[in-house]
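Read off the chains here:
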Amino acid sequence: MKRILVTGGAGFLGSHLCERLLERGNFVTCLDNYFTGAVDNIAHLRGHNNFATIEQSVIDPVDVRFEEIFNLACPASPVHYQSDPIYTFKTSIIGTMNLLELASKTGAKVLQASTSEIYGDPLIHPQTEAYWGNVNTMGIRSCYDEGKRGAETLMHDYHRTRGVNIRVMRIFNTYGPGMNKADGRVVSNFIVQALRGDDITMFGDGLQTRSFCYRDDLVEGMMRLMDAPDEVSYPVNIGNPGEFTMRELAELVLELTGSKSKIVYLPLPQDDPMQRCPDISRAKEVLGWEPKIKLRDGLLRTIDYFKTVI
Ligand code: NAD
Ligand code: UDP
């Protein structure tokens, strides 16, 4: 049994990760300040003998001994991370540094939930880990993008100078049951709008692309990366290379829900990336991982979930 810390464990991905780690017989501690997560997401785990919670921000130092740390603490939806950009930046930078300090004292292994956003509005396509990115330092997305980039830098610096055992996972857009209906991300917005018969809010012309990974595939990749050999300290893209325009996504959601909602076109937010698709050759080679759930199947499961919560 390993003692594992999941920061951001009450969020969409973190709560599912806690479940999976408990199923494997670990002792799991969820640390969260409930900024975007919720106690409800982990309520079903609270009676479990091997589960503990700490209500705390990663911006404050953490002083408990763990063998593994999954650092997922950070608001992930543009609406939420832009609501308090200085908080978002502090969470990524100071939060990651606090966990790396803990790891360098205790010998814990740390996995950082990084993001495809570190590629910014990418000029190469699909994105490989070797690409350095095209990121604005001053825009409304910068608090998140540059925060995550800085967190990656800290991971590598603590690895080089203090010997911390690190894993860096670049997560591409992920969706699935457990998303907050008010999260603001495109999959949850479109499904909730379609189920309620509200207008579908399309930002820009809807020709921008994203590649959507189902939650369970993503969490499987995350656990494999943590278990990978120690030399895998370099970044690994985890995502589904199936690439769709936002118009294609809206049409699929309308078809699968049987909704009569209309698509309305609204301005594209500043610095919204025009295309995004992971090259997952490294994940296939190093982790033997690739996604299994196709968008249509994952959306059906997610629609079923949202029917129960709205
Ligand atoms: P989420 O917003 O549902 O979860 C984030 C969790 O972190 C929440 O429970 C929130 O309360 C917690 N949190 C925020 N600030 C904190 C702080 N200062 N201290 C402690 N806890 C804090 O988002 P998610 O989709 O589950 O994302 C989890 C991680 O994966 C994030 O780090 C995100 O950047 C990364 N990621 C997610 C996606 C995606 O598509 N879901 C894509 C790329 C990267
Ligand atoms: N988007 C949209 N309507 C919405 C929410 C998002 O058209 O109601 C677009 C957004 O402009 C972006 C894409 O969908 O181009 C994905 O947005 P999301 O916030 O899910 O994640 P991002 O990849 O931009 O961080």
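As a reminder, the structure under discussion sits directly above these lines.
The present account deals with the structure reproduced in this document. This one's a predicted model, so the numbers in the text were calculated from it and none came from an experiment.

## Quick word on the packing of aromatic side chains
This structure, assessed with the given rule, holds 7 aromatic pairs. Seen in terms of ring centroids, Tyr81 and Tyr144 are 4.3 Å apart; in terms of plane orientation they differ by 5°. Their pairing is stacked. Of this pair, Tyr81 sits in helix H3 (residues 78-81) while Tyr144 sits in helix H5 (residues 142-162), and the two are 63 residues apart along the sequence. Take Tyr144: its relative accessible area is 8%, and that puts it in the buried class. Where Tyr119 meets Phe172, the ring centres are 6.2 Å apart and the plane angle is 40°; that geometry is what we call tilted. Of the two residues, Tyr119 is situated in the loop between strand E5 (109-115) and H5 and Phe172 in the loop between strand E6 (165-171) and strand E7 (174-175); the sequence distance between them amounts to 53 residues.

## Quick look at the site of ligand 2
Lining the immediate environment of ligand 2, one finds 18 residues, of which Val186, Thr201, Arg210, Asp272 and Arg276 sit closest. Take Val186: an N or O atom from its main chain is 2.8 Å from an oxygen atom of ligand 2. Asp272 is positioned with one of its side-chain polar atoms (N or O) 2.6 Å from an oxygen atom of ligand 2. Against a free-state accessible area of 520 Å², the protein chains account for coverage of 95% of ligand 2. Broken down by secondary-structure element, the contributors of at least two residues to the shell around ligand 2 are helix H6 (186-196) and strand E8 (200-203). Grouping the constituent residues of the shell around ligand 2 by class yields 7 nonpolar, 5 polar and 6 charged.

## Section: the pairing of strand E2 (residues 27-32)
E2 sits mainly inside the fold: 6 of its 6 residues count as buried. Because side chains alternate across E2, one face comprises the buried residues Phe27, Thr29 and Leu31, and the other comprises Val28, Cys30 and Asp32, equally buried. One ladder, built from 5 bridges, connects strand E1 (residues 3-7) with E2; its direction is parallel. Opposite Val6, over in E2, you have Cys30 as the bridge partner. The parallel pair E1 and E2 is bridged by helix H1 (residues 12-23), and the resulting crossover is right-handed. Bridge count for E2 against strand E3 (residues 51-55) is 5 bridges, and the pairing is parallel. Along E3, the bridge assignment pairs Leu31 with Ile54.

Here is what the cut-offs are and how they apply
What you see as residue numbers is a count from 1 along each chain, following the sequence as written. Lettering for chains starts from A, numbering for ligands starts from 1, and both go in the order in which the items are written. Thresholds applied to this predicted model are a pLDDT of at least 70 for local features of residues and 80 or more for the giving and counting of side-chain atom pairs; totals over whole chains, interfaces and linings are not thresholded and use all residues. With hydrogens and water set aside, each side-chain value is computed from the structure's full complement of heavy atoms. Working definition: a ring pair exists when centres of Phe, Tyr or Trp rings (six-membered ring for Trp) sit within 6.5 Å. Plane angles under 30 degrees give stacked, over 60 give edge-to-face, the rest tilted. Helix numbering and strand numbering both begin at the N terminus, where a helix is a DSSP run of H or I of at least 4 residues and a strand a DSSP run of E of at least 2. Categorising residues by exposure relies on relative accessible area from a 1.4 Å probe, with only protein chains included: less than 20% of the type maximum marks a residue as buried, more than 50% marks it as exposed, and the intermediate range marks it as partly exposed. Near, as used in this document, describes a residue that has one of its heavy atoms within 4 Å of the molecule or strand being considered. Identification of polar contacts relies on pairs of N or O atoms within 3.5 Å, with a donor-acceptor requirement for protein atoms, meaning one able to donate a hydrogen and the other able to accept it, and with residues adjacent in sequence counted only if both atoms are side-chain atoms. Every accessible area reported is derived by Shrake-Rupley at a probe size of 1.4 Å, with residue values counting cover from the shown protein chains alone. When residue character is reported, Ala, Val, Leu, Ile, Met, Phe, Trp, Tyr, Cys and Pro are called nonpolar, Asp, Glu, Lys and Arg charged, and the others, Gly included, polar. The pairing criterion is simple: DSSP has to find at least two bridges between the two strands. Viewed with both strands pointing away, a crossover whose connecting path from the first strand over the helix to the second turns clockwise is right-handed.

From the geometry alone we can't say anything about function, so treat these as descriptive.
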